[in-house]
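Below are the chains, spelled out letter by letter.
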Amino acid sequence: MKKLLLVVDYQKDFVDGALGFAGAEKLDGPIAAKIAAYRAAGDDVAFTMDTHTPNYLDTQEGRKLPVPHCLLNSEGWQLYGQTGAAQDKSRDMVVCKGAFPSLWLGNWLKKQGYDRVELVGLVSYLCVLSNAVMAKAALPEAELVVDASCTAGPDLVLHKQVLDLMEALHITVINREV
């Protein structure tokens, strides 16, 4: 079975930077442990990175969310903590994306033919959800999994609702407490 762990936007600006929120830092150890477990099993790991340019405030997202964040090559753009240290730049796919989902990621996933894709990272009801849907479209017969203990969002109500929504979309949600 061909498996992928997809770490979505676990970047400094979403943990302790411009859009950081309490509790996001607690995901670091569990995500890094998951990366190590996937590697030990011989499975693949990939990362998405929210990536913006200095004209961010002139974009549609920037007008609706006027907080500059994840500016390319800035400190806030970097992967956070142990998760960032666990990245293997010589073998892990990294997808820089300027919007919540990545069509490029969907096309890449389709070519890879994974049987199982597990998503972790931030923010559950924005980038995790939109990339899970993209993965579902690319790999309709693959098992898609979201580990609820390795994703979060600053709005706890939306976080709970998105876990319900992902289950309704036939995405398996594991380790759910809310």
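Bear in mind the structure is a predicted one, so any value in this text is a computation, not a measurement.

J.: Could you clarify how one ought to interpret the packing of aromatic side chains in this entry?
T.: When we look at a pair of aromatic rings, we describe it by the centre distance and by the angle of the planes. One pass over the full model with this rule turns up two aromatic pairs. Judged by centre distance (5.7 Å) and plane angle (90 degrees), the ring pair of tyrosine 10 and tyrosine 80 falls under edge-to-face. Taken as a pair, tyrosine 10 in the loop between strand 1 (3-8) and helix 1 (12-15) and tyrosine 80 in the loop between helix 3 (60-64) and helix 4 (81-86) lie far apart in primary sequence, 70 residues in all. Classification of tyrosine 80 by relative accessible area gives buried; the value is 16%. With 6.1 Å between their ring centres and 50 degrees between their planes, tryptophan 108 and tyrosine 114 make a pair best called tilted. Just as tryptophan 108 is buried, tyrosine 114 falls in that class too. The side chain of lysine 2 reaches across the aromatic face of tyrosine 114, ending 5.0 Å from its centre.

J.: Help me understand helix 2 (residues 28-40), please; the structure alone is not making it clear to me.
T.: Over its 13 residues, helix 2 runs 18 Å from end to end, which matches the ideal 18 Å to within 8%, given 1.5 Å per residue. Among the residues of helix 2, those classed as buried are Asp28, Ile31, Ala32, Lys34, Ile35, Tyr38 and Arg39. One side of helix 2 carries all its buried residues, which in axial view fall inside an arc of 155 degrees. In the segment just after helix 2, glycine 42 is the residue with positive phi, at about 80 degrees.

J.: Would you mind showing me how to read unusual backbone geometry here?
T.: With glycine set apart, most residues show a phi of negative sign, and most peptide bonds adopt trans. Geometrically, the link from leucine 122 to valine 123 is a cis peptide bond, its omega value of -20 degrees lying close to zero. Note that valine 123 resides in the loop between strand 4 (116-122) and helix 6 (124-138). Backbone geometry at aspartate 9 places phi at a positive 50 degrees, although glycine is not the residue there. Not every positive phi belongs to a glycine, and cysteine 70 is a case in point at roughly 50 degrees. One can find cysteine 70 in the loop between helix 3 and helix 4.

J.: Would you explain the packing of helix 5 (residues 103-112) against helix 6 in this entry?
T.: For any two helices packed against each other, the geometry comes down to the angle between their axes and how far apart the axes lie. The interhelical angle for the contact between helix 5 and helix 6, taken along N-to-C directions, is 35 degrees, at an axis separation of 8 Å. Read as a crossing pair, helix 5 and helix 6 show a hand that is right-handed. Where helix 5 abuts helix 6, its residues Leu103, Leu105, Gly106, Leu109 and Lys110 lie against Asn131, Met134, Ala135 and Ala138. Its residues placed into classes, the contact of helix 5 with helix 6 shows six nonpolar, two polar and one charged.

J.: Could you clarify how one ought to interpret the side chain of aspartate 13 in this entry?
T.: Along the polypeptide, aspartate 13 turns up in helix 1. No salt bridge is formed by the buried aspartate 13; its nearest oppositely charged neighbour, lysine 12, is found at 7.9 Å. Within the local environment of aspartate 13, its side chain forms a polar contact with the backbone nitrogen of alanine 18, the two atoms lying 3.3 Å apart. Within the structure, the side chain of aspartate 13 is placed 2.7 Å from the backbone nitrogen of cysteine 70, a separation counted as a polar contact. Beyond its immediate stretch of four places on either side in the chain, aspartate 13 contacts Ala18, Leu19, Gly20, His69, Cys70, Gly76 and Trp77.

J.: Before we go on, may I ask you to explain the sheet that holds strand 2 (residues 44-50) in this structure?
T.: Through backbone hydrogen bonds, the strands of a sheet pair up, either in parallel or in antiparallel fashion. Read from one edge of the open sheet, six strands run 3-2-1-4-5-6, paired in parallel fashion. Of all strands in the sheet, those with a lone pairing partner are strand 3 (93-97) and strand 6 (172-174), marking the two edges. For this sheet, the mean angle separating the axes of adjacent strands, direction not counted, is 20 degrees. In this structure, strand 1 lies alongside strand 4, joined through six bridges in parallel fashion. For valine 7, the partnering residue across the bridge sits in strand 4 and is valine 120.

J.: Explain the pairing of strand 5 (residues 143-152) here, please?
T.: Within a regular strand, side chains alternate between the sheet's two faces. Buried residues dominate strand 5, accounting for eight of its 10 residues. As defined by bridge partners, strand 4 adjoins strand 5 across six bridges and the pair is classed as parallel. Note that in strand 5 the partner of arginine 116 across the bridge is glutamate 143. Taken together, strand 4, helix 6 and strand 5 form a β-α-β motif whose crossover is right-handed. Pairing between strand 5 and strand 6: three bridges, direction parallel. Across the sheet, the residue bridging to valine 145 is threonine 172, located in strand 6.

Criteria and cut-off values
Residues numbered from 1 in each chain as written. Predicted model: local features only at pLDDT ≥ 70, side-chain atom pairs only at ≥ 80, totals over all residues. Heavy atoms only, no water. Phe/Tyr/Trp six-rings, centres within 6.5 Å; stacked < 30°, edge-to-face > 60°. Helix = DSSP H or I, 4+ residues; strand = E, 2+ residues; numbered from the N terminus. Buried < 20%, exposed > 50% of the residue type's maximum accessible area, 1.4 Å probe, protein only. Lys NZ or Arg CZ within 6 Å of the ring centre and 35° of its normal. Expected span 1.5 Å × (residues − 1). Arc of directions from axis to C-beta. Axes fitted to C-alpha atoms, helices over the stretch in contact; angles between N-to-C directions. Left-handed = near helix turned anticlockwise from the far one by under 90°. Contact = heavy atoms within 4.5 Å. Nonpolar A, V, L, I, M, F, W, Y, C, P; charged D, E, K, R; others polar. Lys, Arg positive; Asp, Glu negative; His and termini not counted. Salt bridge = Lys/Arg side-chain N within 4 Å of Asp/Glu carboxyl O. Polar contact = N/O pair within 3.5 Å; in protein donor to acceptor, adjacent residues only side chain to side chain. Pairing = 2+ DSSP bridges. Right-handed = clockwise from strand over helix to strand, strands pointing away.

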